[in-house]
Amino acid sequence: MPVTDRARELALTAAQAAADKKAQDIVIIDVAEQLYITDAFVIASASNERQVVAIVDAIEEALLNLEEKAKPVRREGERQGRWVLLDYVDIVVHIQHTEEREFYALDKLWKDCPTIEFVDRDAAAPTGAA
């Protein structure tokens, strides 16, 4: 069963919130066929601990501002600021320090799963008249 519409909405909203805080290498992985506990992973990197926390805060705020609010049922790793996990049941968000992202390589672990396309709205916007 593919990712649900709700999971897609949450994942894309979380990804955009991360992009707004300058997260790097944002990927949304559809794990619905592989896992029964969630539909998608959102994975993003940050270059330092402060940025990891800022991205996490932005994601939580964005998902609370949706018409159908979403609050994480579990948060892990916030104290260290190296890898924060936000579990929204429909999606699980992983915000990792760049070093943790390279070491744990979640992207490679789930490489057989399809991805959900995400385009940062700021990167997609026209940059002005020619």
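Here's what I pulled together on the structure shown here.

Reading the values: the criteria
- Residues numbered from 1 in each chain as written.
- Predicted model: local features only at pLDDT ≥ 70, side-chain atom pairs only at ≥ 80, totals over all residues.
- Heavy atoms only, no water.
- Buried < 20%, exposed > 50% of the residue type's maximum accessible area, 1.4 Å probe, protein only.
- Helix = DSSP H or I, 4+ residues; strand = E, 2+ residues; numbered from the N terminus.
- Pairing = 2+ DSSP bridges.
- Contact = heavy atoms within 4.5 Å.
- Axes fitted to C-alpha atoms, helices over the stretch in contact; angles between N-to-C directions.
- Expected span 1.5 Å × (residues − 1).
- Salt bridge = Lys/Arg side-chain N within 4 Å of Asp/Glu carboxyl O.

## A closer look at the pairing of strand β4 (residues 83-87)
Here comes step 1: In terms of residue burial, β4 counts as a mostly covered element, since four of its five residues are buried.
Here comes step 2: Sheet topology places strand β3 (residues 74-76) next to β4; three bridges connect them, and they run antiparallel. In the sheet register, R74 faces β4, and the bridge partner there is D87.
Here comes step 3: Linkage of β3 to β4, two consecutive antiparallel strands, is achieved through a turn of six residues, within which G77 is found at a positive phi near 85 degrees.
Here comes step 4: As paired elements, β4 and strand β5 (residues 91-97) share five bridges and run antiparallel to each other. From the neighbouring strand, L86 faces β5, where its bridge partner is V93.

## Comments concerning the sheet that holds β3
Here comes step 1: What the six strands build is an open sheet, ordered β3-β4-β5-β2-β1-β6; its pairing is mixed. Edge positions in the sheet fall to β3 and β6 (115-116), since each of these pairs with one other strand and no more.
Here comes step 2: Of the strand pairs in this sheet, strand β1 (residues 24-30) and β6 are connected by two bridges, and their pairing is antiparallel. Its bridge partner being in β6, I29 is matched across the sheet by T115.
Here comes step 3: Against the sheet, helix α1 (residues 5-20) contacts β1, β2 (40-46), β5 and β6, and its axis sits at roughly 175 degrees relative to β1.
Here comes step 4: Strand contacts of helix α2 (residues 49-64): β2, β3, β4 and β5, with the helix running at about 160 degrees to β5, the strand carrying the most contacts.

## Quick word on unusual backbone geometry
Here comes step 1: Positive phi values are uncommon outside glycine, yet D25 reaches one of about 50 degrees.
Here comes step 2: D25 sits in the exposed class, given a relative accessible area of 56%.
Here comes step 3: Look at A105: it is not a glycine, yet its phi comes out positive at around 45 degrees.
Here comes step 4: Residue position: A105 is located in the loop between α3 (98-104) and α4 (106-109).

## Considerations on α1
Owing to its 3.6 residues per turn, the α-helix aligns residues three or four sequence positions apart on the same side.
Here comes step 1: Over its 16 residues, α1 runs 22 Å from end to end, which matches the ideal 22 Å to within 8%, given 1.5 Å per residue.
Here comes step 2: Within α1, burial applies to R6, A7, L10, A11, T13, A14, A15, Q16, A17, A18 and A19.
Here comes step 3: Phi for K22, located one or two positions after α1, is positive at around 70 degrees.

## Here we look at the environment of E100
Here comes step 1: Along the chain, E100 turns up in helix α3.
Here comes step 2: E100 sits in the buried class, given a relative accessible area of 17%.
Here comes step 3: When the C-alpha atoms of E100 and R82 are compared, they prove to be 7.0 Å apart, with 18 residues separating the residues in sequence.
Here comes step 4: Once residues lying within four places of it in the same chain are set aside, the contact partners of E100 are R82 and A105.

## Quick word on the pattern of salt bridges
Here comes step 1: Summed over the entire model, instances satisfying the criterion amount to 11 salt bridges.
Here comes step 2: Residue D87 pairs with R74 through a salt bridge whose shortest N-O separation is 3.7 Å. Separated by 13 residues along the polypeptide, D87 in strand β4 and R74 in strand β3 bring together distant segments of the chain.
Here comes step 3: In this structure R74 comes out as partly exposed when scored by relative accessible area, which is 40%.

Interpretation in functional terms is not warranted from these geometric data alone.
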